[in-house]
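# Structural overview for review
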Amino acid sequence: MLATFDTVMQEHMKRIKNKDIFQHYLGKDIQNELISLIAKEITKHILQLLKNAKYYSIILDCTPDITLIEQMTIIVRFVSIKEGESPTAEPDICIDEKILGFIQIQSSTGQGLTEAILSELEKLKIPVGDMRGQGYDNGSNMKGKHQGVQKRILDLNSHAFYIPCSANTLNLVVNDAAMSCRDVATFFSIVQKIYVFLSGSTVRWNVLKKHIGRLTLKPLPDTRWSSRIDAIRPFRFLVGEIFDALSEISRENSHTAMAQSDAESLSKELNNFKFLCLIVLWYNILNRINFVSTLLQSRSMYLPDVIDILESTTTYLKNYRSDKGFEDLLEEAKDLSLEMEIDPVFPPFV
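Reading the values: the criteria
- Along each chain, residue indices are assigned from 1 in the same order as the chain's sequence is written.
- Totals for whole chains, interfaces and linings use all residues, but because this is a predicted model, local features are given only for residues with pLDDT of at least 70 and pairs of side-chain atoms are given and counted only at 80 or more.
- Derived side-chain values reflect all non-hydrogen atoms in the structure, with water molecules and hydrogen atoms excluded from consideration.
- When DSSP locates at least two bridges between a pair of strands, those strands are taken to pair.
- Strands are runs of DSSP state E lasting at least two residues, helices are runs of H or I lasting at least four, and both sets are numbered from the N terminus onward.
- Aromatic contacts are taken between Phe, Tyr and Trp rings whose centres are within 6.5 Å, Trp giving its six-membered ring; a plane angle under 30 degrees counts as stacked, one over 60 as edge-to-face, and the others as tilted.
- Working definition: with a 1.4 Å probe on protein chains only, accessible area under 20% of the residue-type maximum means buried, over 50% means exposed, and in between means partly exposed.
- Charge over a ring is defined by NZ of Lys or CZ of Arg lying within 6 Å of the ring centre and within 35 degrees of the ring normal.
- Cavity and pocket criteria rest on a 1 Å grid covering protein atoms alone: a 1.4 Å probe that fits but cannot get out defines a cavity, protein on both sides within 12 Å along at least 5 of 7 lines defines an open pocket, and an atom within 4 Å of a point defines a lining residue.
- Grid points are joined across faces, edges and corners, and a volume is the space filled by probe spheres set on the points.
- In this classification, Asp, Glu, Lys and Arg are treated as charged, Ala, Val, Leu, Ile, Met, Phe, Trp, Tyr, Cys and Pro as nonpolar, and every other residue, Gly included, as polar.

### As for the pairing of strand 2 (residues 70-82)
Summarising the sheet, strand 1 (residues 56-64) and strand 2 pair through eight bridges and their orientation is antiparallel. Each bridged residue has a counterpart across the sheet, and for Cys-62 the counterpart in strand 2 is Met-72. Across twelve bridges, strand 2 lies against strand 3 (residues 92-104) in antiparallel orientation. Across the sheet, the residue bridging to Ser-80 is Cys-94, located in strand 3.

This is the structure in structure tokens:
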């Protein structure tokens, strides 16, 4: 594959085919060895930068890989100072974040994770005493004030202050708020069902593509709520086209009876003013949340800026919750109802 684009590799492959050389270094064992050697050199370079900086923070997260083995990433964050190009030039000061690799985790308890972290730091000869910060998600095994990783490391080094991940905190707040409301849970369930139904058949997907050209439907992420904006956006701007696609499937006899029935049922869910209001509501909220979440994860973001951003987001949500915010929501939803040719009234409360 590389030989298709790289002239040096093309020449190398040519010599192999012509049997001009016999040590081609393309076997899996030598390739893995080369990758391992490169990794060692990169790690060595990172550790030298860290040694020059002396003080550092760690950022950790755990997730299962494709084989369901729990893996923990270790990232170090430190300040690098590079001398200016001339003796009179100001030094270049920047914040570096470097990943040191993945650790296979046997125990996801606070104690198990702490032991894994300390073992890795010891292996890399990174002093725990020079740690000045810890950044984790909001899992009880990480943030727990009695048995969590942050508390266990604080007991070893009182200067390693813990700061929870702001983006993860924001994500959990939105998740808990949304899932406490039955109507919202039903709304997102319908959005996912429409995607699953239309994407479950190339024939049905082609019908959808015939009606929408600019955007396409996407599934709902399981955990990252800010990313759900990608799934809601097509409904916000193309709900009429999605409805037309479902209606066409429900009428055309070329589809199975089950597909026709499902399409008719899902189209009825769309043809509802309450559903249109929820589209507008969650598009506006998630659009704001996604913007904030992206900013919070910026490498150049500073703590005072994070506070300002979160405070402005809180103010935005409070204003949106007011009578004026609700009136604005209804006006946007009425525009969608005109497109759908339905009355802008809520169904009777049952």
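### Some remarks on the packing of aromatic side chains
Across all of its chains, the model carries eight aromatic pairs by this definition. Between Phe-187 and Phe-275 the ring centres are 5.0 Å apart and the planes differ by 55°, which places this aromatic pair in the tilted class. Note that Phe-187 is positioned in helix 7 (residues 182-199) and Phe-275 in helix 11 (residues 273-296), a separation of 88 residues in sequence. Each member of the pair, Phe-187 as well as Phe-275, carries the same accessibility label: buried. An angle of 85° between the planes, with centres 6.3 Å apart, marks the rings of Tyr-195 and Trp-205 as edge-to-face. Placement of Tyr-195 in helix 7 and of Trp-205 in helix 8 (residues 202-211) is noted, with a sequence separation of ten residues between them. Here a set of aromatic residues connected by ring pairs shows up, and it is made of Phe-187, Phe-188, Phe-275 and Trp-282. Over the ring of Phe-188 we find Arg-228; its NZ or CZ atom is 5.2 Å from the centre of that ring. Directly above the aromatic system of Phe-237 lies the positively charged group of Arg-236, at a separation of 5.3 Å from the ring centroid.

### Re the layout of surface pockets
Taken as a whole, the largest pocket encloses approximately 1500 Å³ of empty space. Forming the walls of the largest pocket are 42 residues, and the residues nearest its centre are Ile-59, Tyr-136, Cys-165, Ser-166 and Ala-167. Sorting the residues of the lining of the largest pocket by element identifies strand 1, strand 2, strand 3, strand 4 (131-136), strand 5 (161-164), helix 6 (166-179), helix 11 and helix 12 (303-320) as the ones contributing at least two each. Ranked by the residues each element gives to the lining of the largest pocket, the list is headed by helix 6, at seven residues. Grouping the constituent residues of the lining of the largest pocket by class yields 20 nonpolar, 15 polar and seven charged. If you add up the space inside the second largest pocket, you get close to 910 Å³. Elements that contribute at least two residues to the lining of the second largest pocket include exactly helix 6, helix 7, helix 11, helix 12 and helix 13 (323-340). Counting residues per element, the lining of the second largest pocket draws most heavily on helix 6, which supplies seven residues. Among the residues making up the lining of the second largest pocket, the classes are represented as 18 nonpolar, five polar and four charged.

By themselves, these figures tell us nothing about what the structure is for.
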